[in-house]
Amino acid sequence: MAMVLRLSLFLTVLLLSLNPSSALYDDQVGLMDWHQQYIGKAKHVVFHTQKAGRKRVVVSTEENVIASLDLRRGDIFWRHALGATDTVDEMDIALGKYVITLSSGGTILRAWNLPDGQMVWESLLQGSKPSKKFLSVMNFKMDKDNIIFVFGGGCLHAVSSIDGEVLWRKELTTESLQIQQVFQPVDSDIIYAVGFVGSSQFQTYQFNAKTGELLKQSVAAFHGGFSGEISFASDDILVALDATGSHLVLILYQDEISFHQTYISDLVPDSSGVERILPTKLTGIFALKTDSSVVFLRLIGEYKLEVVEKINSAAAFSDALSFSEGQKAFGLVQHVGSRIQLVVKLDNDWNSNLLEESVEIDPQKGLVQKIFINNYMRTDKSYGFRALIVMEDHSLMLLQQGVIVWTREDGLASIIDVTTAELPVEKEGVSVSKVEHNLFEWLKGHILKLKGTLMLASPDDIAAIQAMRLKSSEKSKMTRDHNGFRKLLIVLSGAGKLFALHTGDGRVVWSLLLPSLRRSGSCQFPTGSNIYQWQVPHHHALDENPSILVVSRCGLGSDALGVLSFVDSYTGKELSSLSLAHSIAQVIPLPLTDSTEQRLHLLIDASGRAHLYPKTSEAFKIFQSEFPNIYWYSIDAEKEIIRGHALHSNCGLEETDEYCFNTRELWSIVFPSESEKIISTATRKLNEVVHTQAKVIADQDVTFKYISRNLLFVATVAPKGDCPIGSVTPEESWLVVYLIDTVTGRILHRMTHLGSQGPVHAVISENWVVYHYFNLRAHKYEMSVIEIYDQSRADNKDVWKLLLGKHNLTTPVSSYSRPEVVMKSQSYFFTHSVKTMSVTSTAKGITSKQLLIGTIGDQVLALDKRYLDPRRSINPTQAEKEEGIIPLTDSLPIIPQSYVTHSLQVEGLRGILTVPTKLESTTLVFAYGVDLFLTRIAPSRTYDSLTEDFSYALLLITIVALIAAIFVTWVLSEKKELREKWR
Amino acid sequence: MEKGKGVLVRRWAIDFTDNSTTTSSRDIPDPLGYSRASQDQDDSTVSRQKKDAESNWKAQKAWEVAQAPVKNLLMMGFMMWMAGNTVHLFSIGITFSALWQPINALQGVGKVFEPYKDSKVDTLTPKLLFIALNLASLALGVWKLNTLGLLPTHASDWVSSLPPAQEVEYSSGGLPLY
């Protein structure tokens, strides 16, 4: 066995030495990887259709992406992902060729070139305090320049749109002044800024737009007080709600400030509790959101209001669009049954519609949330309208002429959690015709391939081969394959929608907008948090479909009640959902399953009680047997405490719930809050498989790994060091890492890196921890590795004892036996900063590991674990070299070919998931952020299978030729022999 | 070179010492002073001598065969020395042939010594020598295998296949979800 292993090892080493890089060839791109680009939920939309050859729309999103989309197909022309903190506040178009964005709380103004998305200029605007953000572009007819007015950080700026130069700046930061609106009436040189001082004072400022001169400033007090926002009722009248929310206050602001109150109930009789005034930019009409409906109100005459329409279903309406001289239109979209109805109206004429369309919509898209309209000229010179609609699941679609032209599943840009599910097993009894067809195709394909191998293929053939390889039906089948490459990736998006993606080609197999994750009366702010594999049938329960568990909470606080949903992973139907009577602080999947292969889960609520799911007596029985051995720990990052708990007894609540358990605190580790602050933790993956506990080192010696699932890595930094790099000196920053056994609370290892700081990214696998941090003294990023060895097993070295089985290596171990551990550690410099880090995992854990590092450039780099080996030394001995130890260098090499994502970028990379396949050498890597990327990697090359491009036809032909040759020579020799005998 | 002659004699069976008793041969009178009596009288001794020679020769042959592996052994040793101590195709090939040859030879011990079987010839000792030498050769092969590190003589060879020990306790948790 060992010999065979070593032989195979030798062969892999041989292969490795032959082929040092793991890079792809150009024609292999797309064979086993796919890449999908998304932008996220659209926030602002600017159409650019006038006289442009290619109609396009610029979109800024919740994921801080600015993208230019093709209006005809929805493809991305260009795209920029701003940083996670660089939120886009406003967007507009200036000079007809620049997209202007205001971001980072109104402090950064950028201009992007429309055709290619290059940044033209960037201005940093000084602000003194957080405030509302406004952006408006003004066009002076006599000037070639457009002036951009920006309000942000309590300051009003006028910026030239040619070069981003600040023309003038006015600070509006008197005490407790909150500017609510900054606007500029059409065709006037005056800019108005209106706001509240305190709760009951109304203040206006008027500025000269060209010079920034303060023309007028007036204040008026309103005894009723204000609440919420100010909206426009008409050009010279603003509207706000009073402090109680029961009156509408009309504010005349231009010359003299005067207030007029209207009691809402008089207008809308059965309104109970007005929520807010919806921000509209219509003239003469504004919208009021109540609990159940949206009410449109119109101003008639002076200070007189009338209800125009009341919409009870979910609806969205667009801003006003001026499409011809003096005419403004707006779009209103609402649900009618399973269809959505789009109506475009003139803003001053409610009763007639410019356009009325309705279209069938996928119920899994949820409700409409936003609509943006744009006009175009029809061939008959009439006006047509198109609408971009943002749905509840964050998808974006274009509606034009009564059809959905395109849809983008942009919910996939905000993935919260990912899990995998197996596909169904292939059923027997495939039809013969299909087989024949396949056989013919197969042969044809292989003959083409053979031609390619023998360099006989024409360019057409080569193209055909490439197309065949890319579109192989083999990889996108809906059944399990022998190698386990085909799976379903089940992802939960930020919008509360579940998607099942096929690993073969990345298509959405099914999607489900979870009812439990939608806003409803009982659950106002549902937040999805995690998904788990609930039932993974194999062996005896194969006839059941696997299912997954979605854990969500109703609200944001710690005491928000939990909701569980169970979803069939083949069909995407919700099997059942449970509204819990307790909150969920933690979900602990137990290593126990019941007879139907349902995994037992322990849900810990905010008060520290544990609840067992599924609530069946069988599960309870199984759980009972393991009861004393189950522990849990909680990390309190605010108080810097880690606590360990054990299950104690049944809950002594009024109603006896036998699936609820009290827990008691066993241990706690309190970090001194004045010197340490928890910034990062890591644990081993629950499903990681380790093949062996022994590590063979040079000269056939053996050391024993300390392999424990109950290992927690904690990194703390000095409180001062928890800030961006460069703001602390090396003397006042340090990084302390701990390895903690979470059963006993024992600190196995503690190490201090002086002069270092976070952010820390760490991974634990087998018996090692790798973490990444910043070394302030060296001004470089560093990566450290800690390997843990079990000294208490080191005596098991007698061959005879091992041969006869007289050893204690397979006896179960307890953390309470206090295993004697030895740590080995080493640090290296690393060039990149890191966004996320992960490690490959394979089915049996035999294959060597690679670290997958999400770099700042949104790529995934595969780094062999061999580079992070504490036994590396400058001059390794011959034996160590044979073992594969690389001579020590001060920094880790970055080999360009080892980028898993090759030339692609996974914009806004947030996480990397590795999924083992059935083939031991191979693992699937799923990287997600705004983009999605999936590929297959083999850390030690594919030693257990032939490569994709292996020519079976060539092999077959060789065999056939050889057999033929054997027959021919046999016949010849027979004949010759006969002749010899006759002679 | 004597053995060669002996083989020739045996093959051809031409006996120049004419001990036939046919009269035709007796027709020719014996040369003067030649006494056939002594010759006839020695007839039995001659055949015995002949048999002795044959068995001698057989024994000799058996010993030769028995010693043949020495050459092989030396050659193998040389080849192994040439192959070096690292695992690669050449050294593995040589080692396996070094193992295979003696095993093959040992299997066919009976056949190798079959021609030399004789009641008078003692083939046991050559056989033993043959076996011993082949065993030595086998040992050489095994030794080579060991130096290549392909023998499970170390603890590491036995421990590697053992799965990691199970843990009694199970613990999980982390940062709260909110």
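Note that the structure is predicted; figures quoted are calculated from it, not measured.

**Points about the confidence of the model for chain B**
Atomic detail in the predicted coordinates should be set aside for any region of low pLDDT.
Okay, so step 1: With 79% of its residues at a pLDDT of 70 or more, chain B shows a mean pLDDT of 77.
Okay, so step 2: A low-confidence stretch, residues 1-9 of chain B (pLDDT under 50), is modelled with four contacts involving residues beyond four sequence positions or located in other chains.

**So, the interface of chain B and chain A**
A common measure of how large an interface is: the accessible area buried when the components associate.
Okay, so step 1: Facing the 32 residues of chain B at the interface are 64 residues of chain A.
Okay, so step 2: Of the roughly 4,100 Å² buried between chain B and chain A, counting both surfaces, carbon and sulfur atoms make up 63%.
Okay, so step 3: Along the contact surface separating chain B from chain A lie zero salt bridges.
Okay, so step 4: Between chain B and chain A we count 19 residue pairs in polar contact (both at pLDDT 80 or more) in total.
Okay, so step 5: Broken down by secondary-structure element, the contributors of at least two residues to the side of chain B that touches chain A are α5 (89-107), α8 (155-159) and β1 (170-174) of chain B.
Okay, so step 6: In terms of residue class, the side of chain B that touches chain A is built from 17 nonpolar, twelve polar and three charged.

**Observations regarding the packing of α5(B) against helix α7 (residues 124-147) of chain B**
Residues and elements named next belong to chain B.
Okay, so step 1: At a closest axis distance of 8 Å, the pairing of α5 and α7 adopts a crossing angle of 155°. Put simply, α5 runs roughly antiparallel to α7. Judged by the sense of rotation from one axis to the other, the crossing of α5 with α7 is left-handed. Residues Thr95, Ala98, Leu99, Pro102, Ile103, Ala105 and Leu106 of α5 form the contact with α7, whose own contacting residues are Phe130, Ile131, Asn134, Leu135, Ser137, Leu138, Gly141, Val142, Lys144 and Leu145.
Okay, so step 2: Residue composition of the contact of α5 with α7, by class: twelve nonpolar, four polar and one charged.

**A few points about the nonpolar core**
Okay, so step 1: Core analysis: the largest hydrophobic core is formed by 34 residues, its most contacted members being A:Leu388, A:Phe926 and A:Leu932.
Okay, so step 2: The contact partners of A:Leu388, leaving out residues within four places of it in the chain, are A:Val45, A:Phe47, A:Val57, A:Lys370, A:Ile371, A:Phe372, A:Leu396, A:Met397, A:Leu398 and A:Trp406.

**Things to note about unusual backbone geometry**
Negative phi characterises most residues that are not glycine, and trans characterises most peptide bonds.
Residues and elements named next belong to chain A.
Okay, so step 1: The step from Tyr613 to Pro614 runs through a cis peptide bond, and the omega angle for that step is -5°.
Okay, so step 2: The residue Pro614 is located in the loop between β45 (610-613) and α5 (617-626) in this model.
Okay, so step 3: The linkage connecting Gly758 with the following residue, Pro759, adopts the cis geometry, with an omega of 0°.
Okay, so step 4: Positive phi outside glycine occurs at Gln401, with the angle close to 55°.
Okay, so step 5: In this fold, Gln401 is placed in the loop between β33 (396-400) and β34 (403-408).

**Digging into the side chain of A:Lys41**
Residue and element names in this part refer to chain A.
Okay, so step 1: With respect to the helices and strands, the residue Lys41 is situated in the loop between β1 (34-36) and β2 (42-48).
Okay, so step 2: One buried charged residue, Lys41, remains without a salt bridge, the closest side chain of opposite sign being Glu62 at 4.6 Å.
Okay, so step 3: A polar side-chain atom of Lys41 sits 2.7 Å from a polar atom in the side chain of Gln369.
Okay, so step 4: Aside from chain neighbours lying at most four places away, what touches Lys41 is Ser60, Thr61, Glu62, Gln369, Val390 and His394.

**Some words on helix α4 (residues 459-470) of chain A**
Residues and elements named next belong to chain A.
Okay, so step 1: End to end, α4 covers 16 Å across twelve residues, agreeing with the expected 16 Å (1.5 Å per residue, within 8%).
Okay, so step 2: Turning to α4, its buried residues are Asp461, Ile465 and Arg469. Projected onto a plane normal to the axis of α4, the buried residues spread over an arc of 75° and lie on a single side. Exposed and facing more than 90 degrees away from the buried side of α4 are Pro459 and Asp460.

So, how was this worked out
- Residues numbered from 1 in each chain as written.
- Chains lettered and ligands numbered in written order.
- Predicted model: local features only at pLDDT ≥ 70, side-chain atom pairs only at ≥ 80, totals over all residues.
- Heavy atoms only, no water.
- pLDDT = per-residue confidence, 0-100.
- Contact = heavy atoms within 4.5 Å.
- Buried area = accessible area lost by both parts, 1.4 Å probe.
- Salt bridge = Lys/Arg side-chain N within 4 Å of Asp/Glu carboxyl O.
- Polar contact = N/O pair within 3.5 Å; in protein donor to acceptor, adjacent residues only side chain to side chain.
- Helix = DSSP H or I, 4+ residues; strand = E, 2+ residues; numbered from the N terminus.
- Nonpolar A, V, L, I, M, F, W, Y, C, P; charged D, E, K, R; others polar.
- Axes fitted to C-alpha atoms, helices over the stretch in contact; angles between N-to-C directions.
- Parallel < 35°, antiparallel > 145°, perpendicular 65-115°, else oblique.
- Left-handed = near helix turned anticlockwise from the far one by under 90°.
- Core = buried A, V, L, I, M, F, W, Y, C linked by side-chain atoms within 4.5 Å.
- Buried < 20%, exposed > 50% of the residue type's maximum accessible area, 1.4 Å probe, protein only.
- Lys, Arg positive; Asp, Glu negative; His and termini not counted.
- Expected span 1.5 Å × (residues − 1).
- Arc of directions from axis to C-beta.

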